[in-house]
Amino acid sequence: MTVWLLGDQLSPAARPLERTDHVLMIEAHGFAERLPYHPAKLTLVFSAMRHCRDALRDRGYEVTYIEAETFGDGLDEYFAAAPGDSLLMMEPASHGAGARFEELVAARGGSLTRVENDRFLTSPETFDEWAGDRTVDDGFRQERWYRFVRRELDVLMDGDEPAGGEWNYDDQNRETPDEEWSPPPVPTFEPDAITKEAHDWVTERYDDHWGDDSLAAMVWPTTAEEARSALDHFVATRLPEFGDYQDALVDGEWALSHSLLSSSLNLGLLHPREAVDAAVEAYETGDAPLNSVEGFVRQLIGWREFMRHVYRRAMPELNEANQLDQTRELPPLYWDGGTDMNCLSEAVSHVHERGYAHHIERLMVLSNFALVYGADPHELNRWFHLGFVDAYHWVTTPNVVGMGSFATDVLSSKPYASSGNYINKMSDFCSNCPYAVSRTTGEGACPFNALYWDFLKEKEETLRGTGRMGLMYSHVDNKDDEEWREIRERASEVREQAREGEL
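In what follows, the accompanying structure is described. Bear in mind the structure is a predicted one, so any value in this text is a computation, not a measurement. (Residues numbered from 1 in each chain as written. Predicted model: local features only at pLDDT ≥ 70, side-chain atom pairs only at ≥ 80, totals over all residues. Heavy atoms only, no water.)

This structure, assessed with the given rule, holds 31 salt bridges. Residue Arg-485 is joined to Glu-489 by a salt bridge in which the shortest nitrogen-to-oxygen separation is 3.2 Å. Note that Arg-485 and Glu-489 are positioned in helix α20 (residues 481-499) at a spacing of four residues, about one turn of the helix. Classification of Glu-489 by relative accessible area gives exposed; the value is 52%. Between Arg-490 and Glu-493 there is a salt bridge whose closest N-O contact spans 2.6 Å. One end of the pair is Arg-490 and the other is Glu-493, both in helix α20 and three residues apart, which spans about a single turn. Several salt bridges converge on common partners, so that one network encompasses Asp-170, Arg-174, Glu-294 and Arg-298. (Salt bridge = Lys/Arg side-chain N within 4 Å of Asp/Glu carboxyl O. Helix = DSSP H or I, 4+ residues; strand = E, 2+ residues; numbered from the N terminus. Buried < 20%, exposed > 50% of the residue type's maximum accessible area, 1.4 Å probe, protein only.)

Below, the structure written as structure tokens:
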């Protein structure tokens, strides 16, 4: 039997490796031409795969490593040398991938057994038992899952109660740093020969892809050892302030106190249990406050696990969802950063430079603008998928299509839409922006403001009475006809400027 490891299952401790000493890895190149993926993302994936190959060989595994255009081509080469072999694979996270791989193997005379993916903390059976009779139409809510899984995994628990007496310290995670504050240093990883070789090959082969194609953009761990080093660095230097500034936006700062571990987790270089245990230990030893540790734990065992399972349950319908009927083309600023809006220009530049932006930039700047602008949620999803080093279909689709675009209410009862007031509250962007966040209409008014109110009015039939939208619609009702005329005029002007790349 041979274990087939995929490019997002790169753990040297993957459980199937205990069953055999023979491993198959296929580096398929053709997929990377489906979208103009960020060069840093492609370099990371191929470099991490090659590092994993060498690490397994050093441990005594026989690794068949095949470079091919497609997985089918790679399997042709493999089965020509090992006819009829039996393969063992962890279930891929992306919808339908496991069944497609099984068909490819069977067509070449082999067999493929799929086993549980141990790169997560909770199994499909655990989630399905928790969900009970709830269906996608009923929707799933993260907070209920989070409390269940905290108890299930015994994380930050004091008996049957949460440590500190509260389940959620989100109200302590909304501070904005003062002008004297500077973020802790970002861990660095010097590209080695394997990474340099992968980068040179990527930039030559995929020369029309989007994002910074310099080696300087490759700031991410490519081995399990580097990923563990990044975790240690986060816990020691960034976690203590992570909680306070978790939702903050700071002009000129791309990392703040965020963990920067998502690419390592989603490649399989770092197991979420390692990260959770390290953070909890820091709380228990007094090295990190509870609001920081709980916030980080919530992102992992609450949100990340939840996204994986909701995606699994909501596909394939999630892939076509568009309950708000949003169809506008994503404006050029997402590709060239060409806007005077300081918040959007910053967020797009962060993605272009490193393939990364933190979660508030993703949700409340990049997704929020696309939402109130009226962009097609699936076009936005493709942009996230190709631009972010940590993005996979199971990651972006529920986060972008579900949460960010409210194309379905499977995840939340209301859209995460806001005017410029939220960004002004959580950042210093507005003080350095030529647009006036205090104004809704007229030339020079913050584009978020008119777009927000116009969005509420345009989607009123769907949104009024939804979830917690009552207060917002009381404000809608208080605006007279003249104010609505000015709002619509400004919103139309903003959309036209965005379409023309002149915003």
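Let us keep going from here.
In this section: the nonpolar core. Counting residues in hydrophobic clusters, the biggest one holds 150 residues, and the most contacted among them are Leu-239, Ile-301, Tyr-334, Leu-366 and Phe-369. Take this core: its biggest share by element is 11 residues, from helix α10 (residues 290-314). For Phe-369, the contacting residues outside a window of four places in its chain are Pro-331, Leu-333, Tyr-334, Met-341, Leu-344, Phe-448, Leu-451 and Leu-503. If you look at the next biggest cluster of nonpolar residues, it comprises 15 residues, including Ile-66, Phe-101, Val-105 and Leu-112. (Core = buried A, V, L, I, M, F, W, Y, C linked by side-chain atoms within 4.5 Å. Contact = heavy atoms within 4.5 Å.)

Pairing is parallel in the open sheet, where five strands are placed in the order β3-β2-β1-β4-β5. The sheet is open, and its two edges are formed by β3 (62-68) and β5 (111-115), each paired on a single side. Neighbouring strand axes in the sheet, compared pairwise and without regard to direction, differ in orientation by 25° on average. The pairing of strand β2 (residues 22-28) with β3 spans seven bridges and is parallel. Looking at β3, one finds that His-22 is bridged to Glu-62. (Pairing = 2+ DSSP bridges. Axes fitted to C-alpha atoms, helices over the stretch in contact; angles between N-to-C directions.)

With 13 residues, helix α9 (residues 272-284) extends 18 Å between its outermost C-alpha atoms, agreeing within 8% with the 18 Å of an ideal straight helix rising 1.5 Å per residue. Turning to α9, its buried residues are Pro-272, Ala-275, Val-276, Ala-278, Ala-279, Val-280 and Ala-282. Lining the buried residues of α9 we find α7 (224-242), α8 (262-267) and α10. A positive phi of about 80° marks Gly-286, the residue just after α9. (Expected span 1.5 Å × (residues − 1).)

Quick look at the packing of helix α13 (residues 359-373) against helix α14 (residues 377-387) now. Packed helix pairs are characterised by how far apart their axes lie and by the angle those axes make with each other. Where α13 meets α14, the closest approach of the two axes is 10 Å, and the angle between their N-to-C directions is 140°. Taken together, the axes of α13 and α14 lie oblique to each other. Two packed elements cross with a definite hand, and for α13 against α14 that hand is right-handed. Listed contacts from α14 to Arg-362, Leu-366, Ser-367 and Ala-370 of α13 are Leu-380, Trp-383 and Phe-384. (Parallel < 35°, antiparallel > 145°, perpendicular 65-115°, else oblique. Left-handed = near helix turned anticlockwise from the far one by under 90°.)

Those residues of helix α2 (residues 71-81) that sit buried are Gly-72, Gly-74, Leu-75, Tyr-78 and Phe-79. Considered in projection along α2, the buried side chains sweep an arc of 155° and stay on one side of the axis. More than 90 degrees from the buried face of α2, the exposed residues found are Ala-80 and Ala-81. Summarising the contacts, the buried residues of α2 are in contact with β1 (2-4), β2, β3, β4 (86-90) and α3 (97-106). (Arc of directions from axis to C-beta.)

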